[in-house]
Every structure is written in C-alpha cells, then in structure tokens.
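This is what each chain is made of:
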Amino acid sequence: SFERKRAFHNGQHALTCVRMQLYQQSKGDIEFLQALEDRALAEFPRFIDLQFFKLRMNVFIFAKQGEVAVQQKKLKANQEALALDLRFMLYSLERQGGSQAQTQGMGTGMDGQMSTMSLMEYRLGLKKAKADHLEAVASMKGFWYKASRIDAKTQIEDMVKYLENFQQAYLSAHKE
C-alpha cells in the first residue's frame, strides 16, 4: 500500500520537495505542505536539516507555538552535536520567541506571526537587493576594465560613470 512505500529517495530529496512546494507560495497549498512535511519527517526522522526546516515552518508559516516549544526542547537536548550554524539558528529562534511575546501583534501580522504577504514582500526586497548588488559588481568590473586600458580622456569619464553607478547601486542594495 501507499503507506509502506517511500515517497522520497533520501532526506535531502524530501527537503527539496517540501521547499519546492513552499516556493509555489500558494495559500491553498498550506495543508498539503504540512502533510508533505509530516510524511518527509515520518520517513526520515533523524535528518537534522528537515527537523530544522519543520521548526522554521512552524514558527513563520504555520504559527504552531506548542509544537515549536517541543521541537526546540528536543533539538536543544542534542545541541552539542549540532553544527555551529544550526546552534545559532536555534538560539536566534529562541531569542525571537521571547521578543515576539513582547511585541505580539506589532508589524508582522495580526497575531505577531509573519504572514505570507510579508514573506513575499521580504522576498521581493531581497530580489531587488540582489539585482542592485549585481549591478554594483558589474559597475566595478567595468571600472577596473577601463582602468587597465587608460589612454584617453573619455575613458576617465566612463570610469567616473561606473563609480557613480556603483555608488548608486550599492546604496540601493544596502537600503533593501
């Protein structure tokens, strides 16, 4: 039967499938996303990246505070065996939980949780910052290309334009 068959080849495949479903950003798929995540954890309960992904999903998307506390306690028990980045993530989620209780209802959603809309706004800002960063890098590349071939006054003017473009793109990316 379906319950006995594996839906995923390995833990990384399970995590990738869950993330791909999340990136669809459809509010109607939240129940399916939860079921997919539960199935992945049922098949690979010791895959640590999947456990941390579930923790983040419960904090930011599903808003299941009871499950978050249980998961944090379980992961904290084996904290010494975790990689440094995962320990820091656990620490920051714990800190966020404390500060979130103080600022409940301020700015991120009706109940203090990050809504899908604010998540999408954050991603759009991140996308714009990335585009501005790439523009800044391209401007610096153009600047150094012109600097290596100085032989006319027009090239110096071009170099100044590259520097101005870099500064504008850098400030725009930093603002995002």
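Look up: the structure comes first, before these words.
Notes on the structure follow. (Residues numbered from 1 in each chain as written. Predicted model: local features only at pLDDT ≥ 70, side-chain atom pairs only at ≥ 80, totals over all residues. Heavy atoms only, no water.)

1. Quick notes on empty space enclosed by the protein
Thought 1: Taken as a whole and judged by the stated rule, the model has one cavity of 30 Å³ or more.
Thought 2: Counted as a void, the largest cavity has a volume near 130 Å³.
Thought 3: In terms of lining, the largest cavity is formed by 13 residues, of which the most central are Leu22, Gln25, Ser26, Ile30 and Leu33.
Thought 4: Listed by contribution, the elements that provide at least two residues to the lining of the largest cavity are α1 (11-22), α2 (30-43) and α6 (116-147).
Thought 5: The biggest single contributor to the lining of the largest cavity is α6, with four residues.
Thought 6: The residue inventory of the lining of the largest cavity, partitioned by class, reads six nonpolar, four polar and three charged. (1 Å grid on protein atoms, 1.4 Å probe; cavity = no way out; pocket = protein on both sides within 12 Å on 5 of 7 lines; lining within 4 Å. Points joined across faces, edges and corners; volume = space filled by probe spheres on them. Helix = DSSP H or I, 4+ residues; strand = E, 2+ residues; numbered from the N terminus. Nonpolar A, V, L, I, M, F, W, Y, C, P; charged D, E, K, R; others polar.)

2. Some thoughts on the layout of surface pockets
Thought 1: Of the voids in this model, the largest pocket is the one considered here, and its volume is about 340 Å³.
Thought 2: Around the largest pocket sit twelve residues that line it, and Leu22, Arg56, Phe60, Leu119 and Arg123 are the ones nearest its centre.
Thought 3: For the lining of the largest pocket, the element with the highest residue contribution is helix α3 (residues 48-60), accounting for four residues.
Thought 4: There is about 150 Å³ of room inside the second largest pocket.
Thought 5: Around the second largest pocket sit Ile48, Gln51, Lys74, Leu75, Asn78, Ala81, Leu82 and Ala83, which together line it.
Thought 6: Among the elements of the structure, α3 and α4 (65-77) are those that each provide at least two residues to the lining of the second largest pocket.
Thought 7: For the lining of the second largest pocket, the per-class residue count stands at five nonpolar, two polar and one charged.

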